[in-house]
Amino acid sequence: MVEEGVTRKLAAILAADVVGYSRLMSIDETGTLARMTAHLEEIFKPAISEHKGHVVKTTGDGLLAEFASAVEAVECAVQIQTSMADRVSDEPEDRRVTFRIGINLGDIIFQDGDIFGDGVNVAARIEALAEPGGVFISQSIFDQISGKLDIPMEDRGEHEVKNISRPVQVYAVRLQGSATPSVSRDAVISDKPSIAVLAFDNMSGDPEQEYFSDGITEDIITSLSKLPQLLVIARNSSFTYKGRALKIPDIGKELGVRYVIEGSVRKAGNKVRITAQLIDCSTGGHLWAERFDRELTDIFAVQDEVTQEIVSAMAVNLTGDERERLKASGTNNLEAYDYLLRSREQFLLDSNEGNTQAQELLKRAIELDPGYALAYAHLSYTQTINYLNQWNEATDRPLEHGYELAQKAVALDGAHPRAHHALGIVYLWKRQHDKSIAEHERAIALDPNFATGHGSLGLTHHYAGNSEKAIELLNHNIRLDPHYHDVRLHWLAQAYFQLGRYEEAINHLKRRLIRKPDTDI
């Protein structure tokens, strides 16, 4: 028996919301609201009406609509996202209002002007999985439109989603002519435990100690990324949120992860305090939290302890070998380690001066610990960067010098992924592609979540004439590093061009120019 005022029917439900809404509001509340409202009124609502749909309601950061036809719902979503891509292409990326759309076919309940039921809930969960600027659909929608729409789809597999008892099969609609780059098949929340480690706060009361808290965070990321059971977001992306007051669920959505680690580091004299907490992005709830008070000389042991606790909290079982792989310092000399952390900070400035400073700091680290493989690997990176940028032209044979340093790193520690990566990079620019691929593959075997390793291996495969493989690797790089460097779009464009897929190459180059209008390569 149906209650009075309640109606049931089968409908296609379209759910849409703004990507990174909290971040956008924190930057420009008035402007974000104005742009979002304009997009909904001028793009969404006319398209929904044109395709015989009905706007059920607008939410704080999106919209819910229903359609009698699955075909109309998908055509409407494609029209919306295509129009949105053109509309926002000239806007600064950090202020651009971009939507995700999810569509599901299901039985829904109409009551008091609103709709309810599993059909609505599944649409919302699929929307949360969708890429920025993308459209994801359920199996039921896919079945309804099959053979009726000439739109390419990608099978993105089954996903466990909150409050839905059964796995949800998801398909991505490939939008032709969109400036949004295609991404790998796993560019949604992974079936593996997925995690981002945000930059730990420097609580030392001294801004000069920022390098130390950043270094501790990076080492925890590096340790976790060695585990094939996890999907770990790269430092480049997780550090994007440094100093910004954002909600953890929003960060989880943007990075496509289930868990986030937050923490802080307080260094005072010979003491160090590290706090860390593991948060479930779906609920914002804390799953684990701990404080570690140690002598500074115990810093390597406490890093191992933190990573072991994180892994344990996520119920990941480790073998003895994997526990050993978590240990990442590579030196017992605290002063040498400190020089390495300082060198990272300088290297990341991406400047001639910063690179020179990094070299001097790494040389000091090696003087203190001649067996420090990671210091040799990083010093090799600085020489390769000198070669590529033609910095310090007085330096004799920087690529050869980088080669010698990388070989030394591998000889000292053949189980360190950065050592093999440094050597692989040198082989790439020496045009020895087979050797470069072998070293890169060894680095990734040792560190499956090594985003930069996947990217440079992709570039090597492209130069070796295997552009299909290059695209696969570069897309996985982007999955691990969602806030990737814009040059990745250039590399993808080169690969697509080599394959004769010119429209996709153009789209990626346009995307790069939008992100970095003054690019010159």
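Small disclaimer: the values here were computed from a predicted structure and weren't measured.

Q: Sorry if this is basic, but what is going on with the overall build of the protein here?
A: Looking only at helices and strands, the protein features 20 helices and 14 strands. With respect to the three principal axes, the spread of C-alpha positions in the protein is 80 × 55 × 45 Å. Relative to its 521 residues, the protein shows a buried fraction of 54%. Here the contacts in the protein between residues at least 6 apart in sequence split such that 67% fall between residues at least 24 apart. Here the protein displays about 22700 Å² of accessible surface, and carbon together with sulfur accounts for 48% of that area.

Q: How should I be thinking about the packing of aromatic side chains in this particular structure?
A: Each aromatic ring pair is specified by the distance between its two centres and by the angle formed by the two planes. Taken as a whole and judged by the stated rule, the model has 7 aromatic pairs. Residues W429 and Y463 carry aromatic rings whose centres are separated by 6.2 Å and whose planes lie at 65° to one another, so their mutual orientation is edge-to-face. With W429 in helix α15 (residues 417-429) and Y463 in helix α17 (residues 451-463), the pair connects residues that are 34 residues apart, well separated along the chain. The partly exposed category is assigned to Y463, whose relative accessible area is 36%. Above the ring of F239, the side-chain terminus of R235 is found at 4.0 Å from the ring centroid. Across from the ring centre of F450, 3.9 Å away, lies the NZ or CZ of R418, which sits over that ring.

Q: What's the story with the side chain of T32 in this structure? I'm lost.
A: Position of T32 relative to the elements: it lies in helix α2 (residues 29-50). Judged by relative accessible area, which is 1%, T32 ranks as buried. At a separation of 2.7 Å, a polar atom in the side chain of T32 contacts the main-chain carbonyl oxygen of D28. When neighbours within four sequence positions are excluded, T32 is seen to be in contact with Y21, L24, M25 and V97.

Q: Can you help me understand helix α12 (residues 352-368) in this one?
A: In an α-helix, one turn spans 3.6 residues; hence positions three or four apart end up facing the same way. In this model, α12 (17 residues) spans 25 Å end to end at C-alpha, consistent with the 24 Å of a helix rising 1.5 Å per residue. Listed in full, the buried residues belonging to α12 are G354, N355, A358, Q359, L361, L362, A365 and I366. Looking at the packing, one finds that the buried side of α12 touches α11 (334-347) and α13 (373-389).

Q: I tried to follow the environment of A313 on my own but got confused; where do I start?
A: Within the secondary structure layout, A313 lies in helix α9 (residues 299-313). The class for A313 is partly exposed, based on a relative accessible area of 32%. Separated by 25 residues in sequence, A313 and W288 have C-alpha atoms that sit 6.5 Å apart. Not counting chain neighbours up to four residues away, the residues in contact with A313 comprise L278 and W288.

Q: What should I look at first to understand the pattern of salt bridges in this one?
A: A side chain of one charge can pair with a side chain of the opposite charge when the charged atoms of the two come close. Per the counting criterion, the structure on display carries 26 salt bridges. A salt bridge links E254 to R23, with the shortest nitrogen-to-oxygen separation between them at 3.7 Å. Placement of E254 in helix α8 (residues 248-255) and of R23 in helix α1 (residues 21-27) is noted, with a sequence separation of 231 residues between them. Overall, R23 belongs to the buried group, its relative accessible area being 14%. Salt-bridge contacts for E41 lead to K45; the nearest nitrogen and oxygen are separated by 2.7 Å.

Q: Explanation requested: the nonpolar core in the structure shown.
A: It is characteristic of soluble globular proteins that their nonpolar side chains tend to be buried jointly. By size, the foremost hydrophobic cluster in this structure holds 80 residues, and its most contacted members are F212, I274 and I310. Looking at this core, the element that brings in the most residues is α15, giving 8 residues. Apart from the residues lying within four places of it in its own chain, the contact partners of F212 are V265, K267, V272, L296, I299, D338 and L341. If you look at the next biggest cluster of nonpolar residues, it comprises 40 residues, including L14, L40, F67 and F99.

Q: Explain the pairing of strand β8 (residues 168-173) to me, please; I cannot follow it from the model alone.
A: With 6 of 6 residues buried, β8 lies mostly within the body of the structure. On β8, burial covers both faces: V168, V170 and A172 on one face and Q169, Y171 and V173 on the other are all buried.

Q: Would you mind going over the pairing of strand β4 (residues 99-111) with me for this structure?
A: Successive residues of a regular strand alternate their side chains across the two faces of the sheet. With 10 of 13 residues buried, β4 lies mostly within the body of the structure. Bridge count for β4 against strand β5 (residues 114-116) is 3 bridges, and the pairing is antiparallel. Along β5, the bridge assignment pairs Q111 with D114.

Q: Help me understand the environment of E208, please; the structure alone is not making it clear to me.
A: Summarising the element assignment, E208 is placed in the loop between β10 (201-202) and α6 (210-225). In this structure E208 comes out as exposed when scored by relative accessible area, which is 60%.

Q: Would you mind going over the packing of α13 against α15 with me for this structure?
A: To describe two helices that pack against each other, one gives the angle between their axes and the distance between the axes. At their nearest, the axes of α13 and α15 sit 8 Å apart, and the two run at 20° to each other. Taken together, the axes of α13 and α15 lie roughly parallel to each other. By crossing handedness, the relation of α13 to α15 is classed as left-handed. Packed against α13, whose contacting residues are L374, A377, S380, Y381, T384, Y387 and L388, the element α15 presents R418, A419, H421, A422, I425, V426 and W429 at the interface. Among the residues forming the contact of α13 with α15, the class breakdown is 10 nonpolar, 3 polar and 1 charged.

Reading the values: rules and limits
- Residues numbered from 1 in each chain as written.
- Predicted model: local features only at pLDDT ≥ 70, side-chain atom pairs only at ≥ 80, totals over all residues.
- Heavy atoms only, no water.
- Helix = DSSP H or I, 4+ residues; strand = E, 2+ residues; numbered from the N terminus.
- Buried < 20%, exposed > 50% of the residue type's maximum accessible area, 1.4 Å probe, protein only.
- Contact = heavy atoms within 4.5 Å.
- Areas by Shrake-Rupley, 256 points an atom, 1.4 Å probe, with all protein chains shown as cover.
- Phe/Tyr/Trp six-rings, centres within 6.5 Å; stacked < 30°, edge-to-face > 60°.
- Lys NZ or Arg CZ within 6 Å of the ring centre and 35° of its normal.
- Polar contact = N/O pair within 3.5 Å; in protein donor to acceptor, adjacent residues only side chain to side chain.
- Expected span 1.5 Å × (residues − 1).
- Salt bridge = Lys/Arg side-chain N within 4 Å of Asp/Glu carboxyl O.
- Core = buried A, V, L, I, M, F, W, Y, C linked by side-chain atoms within 4.5 Å.
- Pairing = 2+ DSSP bridges.
- Axes fitted to C-alpha atoms, helices over the stretch in contact; angles between N-to-C directions.
- Parallel < 35°, antiparallel > 145°, perpendicular 65-115°, else oblique.
- Left-handed = near helix turned anticlockwise from the far one by under 90°.
- Nonpolar A, V, L, I, M, F, W, Y, C, P; charged D, E, K, R; others polar.

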